[in-house]
Amino acid sequence: MPTAVHLPRFRLAAAVALLAVLLLMLPVLDSPAGASSVAGTRVAARSMSANQQRVVNDVNHSRQSKGKRSLGTNGTMNARAQRWARHLASCQCLEHRPAPFETPRGWCAAAENVGRSGDGGTLGAVHFAFMRSPGHRRNILNSRWTALGVGVARDRAGEYFVVHAFADFSC
């Protein structure tokens, strides 16, 4: 299920202010040496699982095959997408987070894909299904995105739940 949000400029300031207030309620992340900066926000480096890296590679391979630039991952977006993927595996459901999908401050557009493999499915099969769905494909190939967050969870039966979080921090 793809979902995207684009805010007009006059509403953007109000949305960013609200998001900033909400972010102030979150614990402050320490920025270790080598942490990257996205839109002025320090993003602590976080490691990804092999499954998360596989999904990132699939997304970037599809983008490159269509002449699009690869997307770098955002550690905060990865952590939040991972938490959402675990929620989906726990509830055995597919649902979106409320827009803007827990995107860190500084965004001007955001989108999310959520999917599941079905029994016995693979991460490759989830990506293939995303690419066959016009809305999911549009999110994956959108040239506007500047950052990607990925979450992957597997339930006890072995089914994968995948979350793609896309954001544009270029505003």
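Student: Describe the packing of aromatic side chains, naming the residues involved and giving the relevant values.
Tutor: Taken as a whole and assessed by the stated rule, the structure comprises one aromatic pair. For the pair Trp145 and Phe166, a centre-to-centre distance of 5.9 Å together with 20° between the ring planes defines the contact as stacked. Placement of Trp145 in the loop between α5 (134-141) and β5 (147-154) and of Phe166 in strand β6 (residues 160-168) is noted, with a sequence separation of 21 residues between them. Neither residue differs from the other here; Trp145 and Phe166 are each classed as buried.

Student: Lay out the packing of helix α2 (residues 50-65) against helix α4 (residues 123-132) with the relevant residues and their values.
Tutor: Where α2 meets α4, the closest approach of the two axes is 10 Å, and the angle between their N-to-C directions is 35°. Taken as a pair, α2 and α4 cross one another with a handedness that is right-handed. Contacts between α2 and α4 pair Asn51, Arg54, Val55, Asp58, Val59 and Ser62 from the former with Leu123, Gly124, His127 and Met131 from the latter. Here the residues of the contact of α2 with α4 sort into four nonpolar, four polar and two charged.

Student: Could you give me a rundown of the state of the cysteines, with the residues and numbers involved?
Tutor: Linking two cysteines covalently via their sulfur atoms produces the bond known as a disulfide. Taken as a whole and judged by the stated rule, the model has one disulfide. With its sulfur 1.8 Å from that of its partner, Cys91 forms a disulfide with Cys93. Classification of the bridge connecting Cys91 and Cys93 rests on its S-S torsion, roughly -60°, and on that basis the disulfide is left-handed.

Student: Break down the nonpolar core for me, citing the residues and quoting the values.
Tutor: If you look at the biggest cluster of nonpolar residues, it comprises 19 residues, and the most contacted ones within it are Ile140, Leu148 and Phe166. Elements with a contribution of two residues or more to this core: α2, β4 (109-116), α4, α5, β5 and β6. If you tally residues by element for this core, the top one is α4, at four residues. When neighbours within four sequence positions are excluded, Leu148 is seen to be in contact with Val56, Val59, Leu71, Gly72, Thr73, Asn74, Met77, Asn78, Ala165 and Phe166. Formed by 10 residues, the second largest nonpolar core is a distinct cluster that contains Leu88, Ala89, Cys93 and Phe161.

Student: Could you give an account of the environment of Cys91, naming the residues involved and the relevant values?
Tutor: With respect to the helices, strands and loops of the structure, Cys91 is situated in helix α3 (residues 75-91). With a relative accessible area of 32%, Cys91 lands in the partly exposed category. Each C-alpha atom, one on Cys91 and one on Asp155, is 10.0 Å from the other, the two residues being 64 residues apart in sequence.

Student: A description of the confidence of the model for the protein should follow, citing residues and the corresponding values.
Tutor: Per-residue pLDDT for the protein has a mean of 78; in total, 72% of the residues score no lower than 70. Mean pLDDT across the elements of the protein bottoms out in helix α1 (residues 9-24) (34) and peaks in α2 (98). For residues 7-45, every residue scores under 50 in pLDDT, and the model assigns this stretch 41 contacts once sequence neighbours within four places are set aside.

Student: Residue-level account of the packing of α4 against α5, with values.
Tutor: Contact geometry for α4 and α5: axes closest at 5 Å, N-to-C directions at 100°. Between α4 and α5, the interaxial angle falls into the category roughly perpendicular. For the pair α4 and α5, contact is made by His127, Phe130, Met131 and Arg132 and by Pro134, His136, Arg137, Ile140 and Leu141, respectively. In terms of residue class, the contact of α4 with α5 is built from five nonpolar, two polar and two charged.

What counts, and where the lines are drawn
Residues numbered from 1 in each chain as written. Predicted model: local features only at pLDDT ≥ 70, side-chain atom pairs only at ≥ 80, totals over all residues. Heavy atoms only, no water. Phe/Tyr/Trp six-rings, centres within 6.5 Å; stacked < 30°, edge-to-face > 60°. Helix = DSSP H or I, 4+ residues; strand = E, 2+ residues; numbered from the N terminus. Buried < 20%, exposed > 50% of the residue type's maximum accessible area, 1.4 Å probe, protein only. Axes fitted to C-alpha atoms, helices over the stretch in contact; angles between N-to-C directions. Left-handed = near helix turned anticlockwise from the far one by under 90°. Contact = heavy atoms within 4.5 Å. Nonpolar A, V, L, I, M, F, W, Y, C, P; charged D, E, K, R; others polar. Disulfide = S-S within 2.5 Å. Core = buried A, V, L, I, M, F, W, Y, C linked by side-chain atoms within 4.5 Å. pLDDT = per-residue confidence, 0-100. Parallel < 35°, antiparallel > 145°, perpendicular 65-115°, else oblique.

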